[in-house]
Structures are given as C-alpha cells and as structure tokens.
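# Remarks on the overall topology
Listed below, chain by chain, are the residues.
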Amino acid sequence: MKWLTILGISSIRSNYEGPRYKIAVIGDGGVGKTALIERVHGHRFQATYNITIGANISVYDFSHNEIEYKFQLWDLAGQQRFDAVRKMFYRGCHAAVLVFDQTRQESFNSLERWKRELFSNVGRKIPYIIVGNKNDLEQNDIPEDLLENYLEKCNSEFDTEKIMFETISITTSALSGENVKETFDLLASSIRSFIDNQNL
Ligand code: GDP
Ligand code: MG
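Keep in mind that this is a model prediction, so the values were computed, not measured. (Residues numbered from 1 in each chain as written. Chains lettered and ligands numbered in written order. Predicted model: local features only at pLDDT ≥ 70, side-chain atom pairs only at ≥ 80, totals over all residues.)

## Here's the deal with the overall build of the chain
Condition: Labels follow the DSSP assignment, with helices taken as runs of H or I lasting at least four residues and strands as runs of E lasting at least two, numbered in each case from the N terminus. Here the C-beta atoms are placed from the backbone, and a residue counts as buried if at least 20 other C-beta atoms lie within 10 Å of its own, exposed if 12 or fewer do, and partly exposed otherwise. Think of it this way: build a C-beta for each residue from its backbone, and any pair within 7 Å is a contact.
Looking only at helices and strands, the chain has seven helices and seven strands in total. Along the chain, helices and strands appear, N-terminal first, in the series α-β-α-β-β-β-α-β-α-α-β-α-β-α. Across the 200 residues of the chain, 31% fall into the buried class. If you take every contact in the chain between residues at least 6 apart in sequence, the share linking residues at least 24 apart comes to 71%.

What follows is the structure, given as structure tokens:
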C-alpha cells in the first residue's frame, strides 16, 4: 500500500468516496500531451511521479456539475514499442484523451491507430475526447470536413454497439490554457452518460 501512496494513486488517509477514473492521455509524440497535463495541474505537478516503465501518472482532482472527480492521468512517455508496458498502461482505463497537433495533419491521421490500440488493450470500447491542441498557433492543417467526417465515423462505431455516446472534439492550447479545464469537464460528462446508458 505504501508504494501506491508514493505514486499519488491512492492515499490511505483519504476519505474521498467519489468516482475515480483512470484516463489514458495518448497521441503522437510532440502533440502536447505532457504540456496539457502540466497546464491542468496549474504547473504544480507535485502529484507526478516518473515511474520506471516510462509513464507519468498524476492525479487531477476537480468538481464538475457538483460531482467531485479524481482523474488518474496516464501519460505515456516514449517506449510505446514495448508490449508489456503498453498493456500495463492501458489496463483498466475508463476513458481517454486522444490528442493531435492542429499544425500537423499526420498527428490527426494517427488518431485512429491510437484508438484501435486503446480499445484492443483495454478490451472494450471506452469513452474518449478528441483534442486538437496548439490552437494558439495560426496554422491549422486539418480541414474542417475531415474532422467532421472522422467524428461521424467514430460515432457510428458506438451506434452498432447500441451505446449512446457522442464523440466530442475540442481545440485547446496548453500554452494559453484555453479549453484545457473544459476538456476534462467534458470528458467527465461523457463518462457519466456512457455509464448511465450502459446501465439501461
Ligand atoms: P508530448 O510529446 O505529446 O508530451 O508533447 P509535449 O507536451 O512535450 O509538447 C511538445 C512541444 O510542443 C513542446 O515544445 C511544447 O512546448 C509544445 N506545445 C505543447 N502544447 C502546446 C500548445 O498548446 N501551443 C504551442 N504553441 N506549443 C505547445
Ligand atoms: Mg510527453
């Protein structure tokens, strides 16, 4: 139990009873995953622990619609090529943040591969939010219809499963902070509605 406390994943003294969710933050290298996480922590980052498998894990506490959440954010740092690491990284994830860099279409094109990897390693479909980061930069390499078509495709994937879930996308800036907090609020709402629908 002690090492878990060191990682900031769990505290024996905590009497927090609200929902805890494990969230994978994924996307190509350089899209701003770490920067977004740093931003949401207000650069405090004390909860972060760089464990040897090469993932940064931090806990983000926030409240949204009068519900208190604990999001355990998993940020994969390199080493994606090791299967064992990947399995550990994805195991038990409740939701994900799929990040691309709006100035690099290639990083947008990779989203599908990241999502496949996510679903296959978690073993089921889970809710996620698509984040186009670096919106402080003027350049936007992703045509609007490309994004819209992709979101439609993502939604149809859930339709066949009879799960009511709408894939959301948002544009953010880890630099200015725009929409960073909102990203996690939206994801929290998605998780709640996903769970509610599955219980029907
Ligand atoms: P990661 O590999 O996905 O974790 O990407 P990082 O968080 O390390 O960011 C990669 C680079 O992009 C760094 O130089 C960051 O300073 C920069 N960066 C990240 N987010 C933004 C953003 O929103 N705007 C701008 N202009 N640069 C960003
Ligand atoms: Mg990083």
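## Notes on helix 5 (residues 111-122)
Our working rule: For a helix, the expected span equals 1.5 Å multiplied by the number of residues minus one. It is the directions from the helix axis to the C-beta atoms that the arc portrays.
Given a rise of 1.5 Å per residue, twelve residues ought to cover 16 Å, and the 16 Å separating the end C-alpha atoms of helix 5 matches this to within 8%. Taken together, the buried positions of helix 5 are Leu111, Trp114, Lys115 and Leu118. Buried residues of helix 5, viewed axially, fall in a sector of 100 degrees; they line one side. Looking at helix 5, the residues exposed on the side facing more than 90 degrees away from the buried face are Arg113, Arg116 and Ser120. One or two positions beyond helix 5, positive phi appears at glycine 123, with a value near 95 degrees.

## Some thoughts on the pairing of strand 3 (residues 55-64)
For the record, the criterion: Two strands are counted as paired when DSSP detects at least two bridges linking them.
Strand direction decides the pairing type here: strand 3 and strand 4 (residues 67-76), joined by ten bridges, are antiparallel. Looking across to strand 4, one finds that aspartate 61 is bridged to lysine 70.

## Let's talk about the site of ligand 1
The following threshold applies: Each residue gets a C-beta atom placed from its backbone. If that atom is within 6 Å of a molecule or strand, the residue is near it. All amino acids are sorted into three groups, where Ala, Val, Leu, Ile, Met, Phe, Trp, Tyr, Cys and Pro are nonpolar, Asp, Glu, Lys and Arg are charged, and the leftover types, Gly among them, are polar.
Surrounding ligand 1, one finds 14 residues, the nearest of these being Gly32, Lys33, Thr34, Ala35 and Ala174. For the shell around ligand 1, the leading source of residues is helix 2 (residues 33-40), giving three residues. Looking at the shell around ligand 1 residue by residue, the class counts come to five nonpolar, six polar and three charged.

## Points about the nonpolar core
Grouped burial of nonpolar side chains is what soluble globular proteins tend to show. Stated formally: When buried Ala, Val, Leu, Ile, Met, Phe, Trp, Tyr and Cys residues are joined through C-beta atoms within 7 Å, the set is termed a nonpolar core.
Ile23, Ala24, Val25, Trp74, Ala96, Val97 and Leu98 are the most contacted members of the largest nonpolar core, which has 41 residues in total. Apart from residues no more than four positions distant in its own chain, valine 25 is found in contact with Lys33, Ile37, Leu73, Trp74, Asp75, Val97 and Val99.

## A look at helix 2
Among the residues of helix 2, those classed as buried are Lys33, Leu36, Ile37, Arg39 and Val40. Projected onto a plane normal to the axis of helix 2, the buried residues spread over an arc of 160 degrees and lie on a single side.

## Some points on the environment of glutamate 17
Along the chain, the position of glutamate 17 falls in the loop between helix 1 (2-7) and strand 1 (20-26). Using a count of 7 C-beta atoms within 10 Å as the deciding quantity, one classes glutamate 17 as exposed. Spatially, the C-alpha atom of glutamate 17 lies 9.0 Å from that of glutamate 68, the residues being 51 residues apart in sequence.

## Describing the confidence of the model for the chain
Formally: Confidence scores per residue from the predictor, reported as pLDDT, run from 0 to 100.
With 79% of its residues at a pLDDT of 70 or more, the chain shows a mean pLDDT of 84. Element-level mean pLDDT values for the chain span from 42 in helix 1 up to 98 in strand 6 (residues 128-133). Scored below 50 in pLDDT, residues 1-13 shows 17 contacts in the model against residues more than four places distant or in partner chains. The low-confidence segment residues 44-52, where pLDDT is below 50, has 14 contacts with residues more than four positions distant or belonging to other chains.

## A look at unusual backbone geometry
What is expected of a backbone is that most residues other than glycine have negative phi and most peptide bonds are trans. At asparagine 65, a position not held by glycine, the phi torsion is positive, near 50 degrees. Take asparagine 65: there are 9 C-beta atoms within 10 Å of it, and that puts it in the exposed class.

## Quick word on the environment of serine 156
On the secondary structure map, serine 156 appears in helix 6 (residues 144-159). Serine 156 sits in the exposed class, given 10 other C-beta atoms within 10 Å.

## Points about the environment of proline 143
Mapping proline 143 onto the fold places it in the loop between strand 6 and helix 6. For proline 143, a count of 11 C-beta atoms within 10 Å translates into the label exposed. On a C-alpha basis, the gap between proline 143 and glutamine 102 in space is 9.8 Å, while along the polypeptide they are 41 residues apart.

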